[in-house]
Amino acid sequence: MVLGSTGEAVHLSNKERFNVLSAVRKAFDDEGFKEYPIIAGTAAQNIEEVIEQLKSAKEAGCQWVFVLCPGILRGRVRSREL
């Protein structure tokens, strides 16, 4: 998992996120771990930005993504759904 969910990644631009993910992919590839899966964390307050992050993660070489729902939705989720 790269860029997690609620850490410093929220302070990165989408270009910076791409650079981090690409660098991790390159480091794994250079060390012989070409098939090692990378999970990219995505989070934003609007769907268009999340979609951009999803596309960028794929382009950077990530195989999976973790999508964090915006905090404003927290009140709408019942405890049994958590």
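Check the entry above for the structure.
Residues numbered from 1 in each chain as written. Predicted model: local features only at pLDDT ≥ 70, side-chain atom pairs only at ≥ 80, totals over all residues. Heavy atoms only, no water.

1. Let's talk about the pairing of strand S2 (residues 64-68)
To keep it simple, the criterion reads: Criterion used throughout: strands pair if DSSP finds at least two bridges between them. Helix and strand definitions here come from DSSP, where helices need a minimum of 4 consecutive H or I residues and strands a minimum of 2 consecutive E residues; each element is numbered from the N-terminal end. The path from the first strand over the helix to the second decides the hand: if it runs clockwise while the strands point away from the viewer, the crossover is right-handed.
Where strand S1 (residues 39-43) meets S2, 5 bridges bridge the pair, whose relative direction is parallel. Bridged to Ala-40 within S2 is Val-65. Taken together, S1, helix H2 (residues 47-60) and S2 form a β-α-β motif whose crossover is right-handed.

2. Some points on the nonpolar core
Proteins that are soluble and globular tend to have nonpolar side chains buried together. To keep things clear, this is the line we draw: The definition of a nonpolar core used throughout is a set of buried Ala, Val, Leu, Ile, Met, Phe, Trp, Tyr and Cys residues joined through side-chain atoms within 4.5 Å. The cut-offs for exposure are 20% and 50% of the maximum accessible area for each residue type, with area from a 1.4 Å probe on protein chains only; residues under the lower value are buried, those over the upper are exposed, and the others partly exposed. Contact criterion: two residues are considered in contact whenever any of their non-hydrogen atoms come within 4.5 Å of each other.
Core analysis: the biggest nonpolar cluster contains 9 residues, these being Val-2, Leu-3, Ala-9, Leu-21, Ile-38, Ala-40, Ala-57, Ala-60 and Cys-62. Apart from residues no more than four positions distant in its own chain, Val-2 is found in contact with Val-20, Leu-21, Val-24, Ile-38, Ile-39, Ala-40 and Gly-41.

3. Regarding H2
To keep things clear, this is the line we draw: Residue count minus one, scaled by 1.5 Å, sets the expected span of a helix. It is the directions from the helix axis to the C-beta atoms that the arc portrays.
Between its first and last C-alpha, H2 extends 20 Å over 14 residues, near the 20 Å set by a 1.5 Å rise per residue. Taken together, the buried positions of H2 are Val-50, Gln-53, Ser-56, Ala-57 and Ala-60. Each buried residue of H2 sits inside an arc of 125° when the element is viewed along its axis, so together they form one side. For H2, exposure combined with an orientation more than 90 degrees from the buried face picks out Ile-47, Glu-48, Lys-55, Lys-58 and Glu-59. Along its buried surface, H2 packs onto helix H1 (14-30), S1 and S2. Looking one or two residues past H2, Gly-61 carries a phi angle of roughly 105°, positive in sign.

4. Observations regarding the packing of aromatic side chains
As a reminder of what qualifies: Two aromatic rings, drawn from Phe, Tyr or Trp (for Trp, its six-membered ring), form a pair once their centres lie within 6.5 Å of each other, and the interplanar angle then sorts them: stacked below 30 degrees, edge-to-face above 60, tilted otherwise.
For the coordinates displayed, the defined rule picks out 2 aromatic pairs. Seen from their ring centres, Phe-33 and Tyr-36 are 6.3 Å apart, and the 75° between their planes marks the pair as edge-to-face. Among the aromatic residues, those joined into a cluster by ring pairs are Phe-28, Phe-33 and Tyr-36.

5. A word on the pattern of salt bridges
Selection criterion: In what follows, salt bridge is the name for a side-chain nitrogen of Lys or Arg lying within 4 Å of a carboxyl oxygen of Asp or Glu.
What the rule picks out here adds up to 2 salt bridges. With a shortest N-O distance of 3.1 Å, Arg-25 and Asp-29 are connected by a salt bridge. Pair noted here: Arg-25 and Asp-29 are both in helix H1, with a separation of 4 residues, about one helical turn. We classify Asp-29 as partly exposed; its relative accessible area is 23%.

Shape descriptors only; they carry no functional weight alone.
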